[in-house]
Number of protein chains: 2
Amino acid sequence: MRRLLKNCKILIRTNEGYEVLNGYLGIDKDTIDYVSEQYPTEKYDEEKDMGGKLIMPGLINAHGHSPMTLLRGVGSGLKLQDWLNNAIFPIEEKLVPQDTFIGCKLAIMEMLSTGTTTFAEMYDFPYASAYAIAESGIKSNLCRVGLCFDPNIEGKDDIRTIECIELIDSFYNRDFSNSEAVRELGACKKDENYVETIVNAIDTGRLKADFCLHSEYLTTPNVVKAMTDENKRLKACVQVHVSETEKEHNDCIERHGKTPIQYFNDIGILDNNTYAAHCVWVTDEDLKIMKEKNVTLVHNPSSNMKLGSGFAPITKALDMGINVALGTDGCASNDNLNMFEEMHLAALIHKGIENDPTKLSATQILDMATINGAKAMGRDDIGVIEVGKKADIIAINMDKPHLYPAYDIPNLIVYSMQGSDVCMTMVDGNILYEDGKFLTINKEKTLEEAEAIIQRLFSK
Amino acid sequence: MRRLLKNCKILIRTNEGYEVLNGYLGIDKDTIDYVSEQYPTEKYDEEKDMGGKLIMPGLINAHGHSPMTLLRGVGSGLKLQDWLNNAIFPIEEKLVPQDTFIGCKLAIMEMLSTGTTTFAEMYDFPYASAYAIAESGIKSNLCRVGLCFDPNIEGKDDIRTIECIELIDSFYNRDFSNSEAVRELGACKKDENYVETIVNAIDTGRLKADFCLHSEYLTTPNVVKAMTDENKRLKACVQVHVSETEKEHNDCIERHGKTPIQYFNDIGILDNNTYAAHCVWVTDEDLKIMKEKNVTLVHNPSSNMKLGSGFAPITKALDMGINVALGTDGCASNDNLNMFEEMHLAALIHKGIENDPTKLSATQILDMATINGAKAMGRDDIGVIEVGKKADIIAINMDKPHLYPAYDIPNLIVYSMQGSDVCMTMVDGNILYEDGKFLTINKEKTLEEAEAIIQRLFSK
């Protein structure tokens, strides 16, 4: 089906920055096939009047742990180690695959209703997440989290490493008969065509599997080496946490005589498309390596401030030409999945820290929340509104006092807009959210199921 | 009329912090007369089912320049002096009283729709603002901005000083026959009962007049002295900008051998209820004076970051027991009037800067946005939900994915809630905004009138 959106303001990326074009946006199935001020000469099957709304690219959340929505606000105000060990881990120990399935659906509702169309996912039970994602119509790169505490175990013998590889292979082969897939998917409430649903999401490119190392401090050199070797064959993107806290950064130097970035680089894992979350404490030398190896820095301003971790050197990274994307991190350290908040924070805090209002333009911020995230996740078909790109777009109702006057729309998006100004979210040409309604997720049922999980998790 | 809100979650302030009570909130005309989990024994004229919504105190914006909504986004990304001299001042020179009237109405719509019930106003043409405020039903302390550039002129001969005093006197005497009042009110589209409307707002305490000194650098010692003397009689609150930028702070030391706070204190203006915006560069000595003189520090995190001014020493001020309130500043350096954003920013940035997640609890942040602002503005009848306080409350629709789960509601308000989650705003018992509709302002007409102003201001 071909659909024409008419009467819209369209945010387009030119070589100079963002511009707004008043006109028409045509969609052929899942792909943008027309962007112009002129009414098209070719006929579309359907016309949708957007009533002057702003159409912009869907936002890309390049780092998170979506099922942590279930833990929103848990342990707020605690120091990082206290927060992890005494608030988060004791609850996470009780989690089962069904919880990831429901927690991920909760997160997807929040993301769709605040304009996110693609997200990076790093959490336990990835097959359960995969099914929630496939069902909902949103786009995601997910992974099995690499974790290993025994320095003597060989990478090829480590169970999590084996499962990391297995996940990527299962996606390549569309084969979900491995025991972990069977166990996780068995725990999800699913219809009989669930394999077809997942396979379709993989076939269309909506769902991708990445490699993942939790971090230097929660893995071992053997495991990093094994994944590096396997990724010569698999060529998947790699998700990793890097230098989030000063302690973690310094501990790595003490253990290995190198920073985390140097350590990972020396083993070779950065030779693939790596996106590194946080990078608060990276050195100038680290940034040079990141630039050389095309490592994306995923900036998570809310989480880094809420946990007291600090401020990543974003202006320096941008000046060096490093690809900088944006992420929310998990909901327990944020406590939301609202990319408009991350844009706003990223735009403000570095001006404050550097005492320089010229830092981080609206263009740079919008790039971070869209095309830079797409690049991080190995997706060159999203992140901008352009003929030939996928129809991953959101619509904004501009008829609100806080969005008037609208001299400078990129500026307005970054500094004045709220996540809840999003009134329509479309992925691959399908409307998933419109005017407060979720078209692929039963909100009431999901909230009911979440409530039962919460009762269980928080019972003594 | 007595109205009972039932089926609500009510945010109350106890000695320990904030708690949520499930129950009933009774209102007698403009005053809260019942808060309980039990259904009242006395009968109310009307019952309103709130459907489980959260009722919390209306937010108090303790620093701003509301008509600058007309300049939202102008000069974004410029350095402060460049921004003021080349972007803002050339447009402000064209402003007439009618612009303040409409700009203020635009601002009031944004504030009501994002949960603000009281705001501090510092801008030109205060009588025009007074009428917009009186008509709309919102609450405000406004002022004539004290400005003087000639160090030789006596305070009693300075026209702005005379007008500052005249404004406060006109409020005391309910007399709007002075030439400035006649000129400004003459420019507003008003009905024939406009004097009655303003007088009623003053009589009920909704509208108050403050003294105002723009700043040390835009006034003279003579003027500060004259206002100090006059305020022994008038006993009004005093609004002032203090140590916003490093340059301004250091220039003052160079001119007077004192910091701005020391300078103001030595002349005596701080002996009244003073609320000082910004205070980014105040010294430890300044903070001691502020504590001793009960000066409120009004923190404006967005504006201070956007203009690259820096970070006010908020945790130090709180530790010393200084009253800290929150403000948005004007819309051209923010670019919104959304107090939920200011709460979120204030809660996050100081944790980041001090590398300490235990700083600034949700309780401290909520106090800053409510009772501390009330105290700053000399209003002891607002800022908390309590029997005997004015019914200045807002309702939040909690049925949204980003507000679930709600283990810890104060935390949720600060970190997860958006201004647009506000679905009802009430001032003095009157509903002014509900479900996207403004009940005292004609939104379409105001936007139309604003558009005409904008065409004029931005024409070459």
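Residues numbered from 1 in each chain as written. Chains lettered and ligands numbered in written order. Predicted model: local features only at pLDDT ≥ 70, side-chain atom pairs only at ≥ 80, totals over all residues.

1. What about the overall build of chain A?
Of the regular secondary structure elements, chain A holds 17 helices and 17 strands. Its C-alpha atoms put chain A at 65 × 55 × 45 Å along the principal axes. Residue burial in chain A is summarised as follows: out of 460 residues, 60% are buried. In chain A, once contacts between residues fewer than 6 apart in sequence are set aside, the share between residues at least 24 apart is 74%. (Helix = DSSP H or I, 4+ residues; strand = E, 2+ residues; numbered from the N terminus. Buried ≥ 20, exposed ≤ 12 C-beta atoms within 10 Å, placed from the backbone. Contact = placed C-beta atoms within 7 Å.)

2. Quick word on unusual backbone geometry
In terms of backbone geometry, most residues other than glycine have negative phi values and most peptide bonds are trans. Omega for the peptide link from Tyr404(A) to Pro405(A) comes to -10°, which places this bond in the cis form. Within the secondary structure layout, Pro405(A) lies in the loop between strand E14 (393-396) and helix H16 (409-415). A cis amide bond, omega 5°, links Asn334(B) with the succeeding residue Asp335(B). Locating Asp335(B) in the fold gives a position in the loop between strand E13 (324-326) and helix H13 (339-353). At Phe125(A), a residue that is not glycine, the phi angle is positive and equals roughly 60°. Along the polypeptide, Phe125(A) turns up in the loop between strand E7 (116-120) and helix H3 (126-136). Residue Phe125(A) is classed as buried on the basis of its 25 C-beta neighbours within 10 Å.

3. Quick word on the relation of the copies chain A and chain B
For these two chains of identical sequence, chain A goes onto chain B by a turn of 180° and a shift of 0.0 Å along the axis, with RMSD 0.0 Å. Both chain copies can therefore be described as sitting about a two-fold axis. By residue overlap, the copies meet face to face through one surface: 100% of the interface positions of chain A are interface positions in chain B. (Least-squares fit on C-alpha atoms with pLDDT ≥ 70 in both.)

4. Thoughts on the interface of chain A and chain B
At the interface, 52 residues of chain A touch 52 residues of chain B. Going through the elements one at a time, helix H2 (97-113), helix H11 (301-306), helix H13 (339-353), H16 and helix H17 (443-457) of chain A are the ones with two or more residues in the side of chain A that touches chain B.

5. Describing the sheet that holds strand E6 (residues 59-61) of chain A
All names here are of chain A. One open sheet accounts for eight strands, arranged E6-E7-E8-E9-E10-E11-E12-E13; its pairing is parallel. Each edge of the open sheet carries a strand with a single partner, namely E6 and strand E13 (324-326). Adjacent strand axes in the sheet meet at a mean angle of 30° when their direction is disregarded. Where E6 lies against E7, three bridges are found, and the strand directions are parallel. Within the sheet, the bridge partner assigned to Ile-60 lies in E7 and is Thr-118. Most of the contacts of H13 go to E13, to which it runs at about 135°, and overall it touches E6, E7, strand E12 (296-299) and E13. (Pairing = 2+ DSSP bridges. Axes fitted to C-alpha atoms, helices over the stretch in contact; angles between N-to-C directions.)

6. Focus: the pairing of strand E15 (residues 422-427) of chain B
All names here are of chain B. Within E15, six of the six residues are buried, leaving the element largely enclosed by the surrounding structure. Here strand E14 (residues 393-396) pairs with E15 via four bridges, running antiparallel. Opposite Ala-395, over in E15, you have Met-424 as the bridge partner. Where E15 and strand E16 (residues 430-434) come together, four bridges link them in antiparallel fashion. Bridging from a neighbouring strand, Met-424 pairs with Glu-434 of E16. Connecting the antiparallel pair E15 and E16 is a turn made up of two residues, with Asp-428 showing a positive phi of about 50°.

7. So, the domain arrangement of chain A
By a frequent convention, interface size equals the accessible area lost on bringing the separate parts together. All names here are of chain A. Its domain assignment divides chain A into domain 1 (2-56 + 388-438) and domain 2 (59-379). Here domain 1 and domain 2 have C-alpha centroids that lie 28 Å from each other. Facing the 21 residues of domain 1 at the interface are 23 residues of domain 2. Sorting the residues of the side of domain 1 that touches domain 2 by element identifies H16, strand E15 (422-427) and strand E16 (430-434) as the ones contributing at least two each. Here the side of domain 1 that touches domain 2 takes five residues from H16, the largest share from any one element. The residue makeup of the side of domain 1 that touches domain 2, split by class, is 12 nonpolar, seven polar and two charged. (Domains from an automatic or database assignment. Nonpolar A, V, L, I, M, F, W, Y, C, P; charged D, E, K, R; others polar.)

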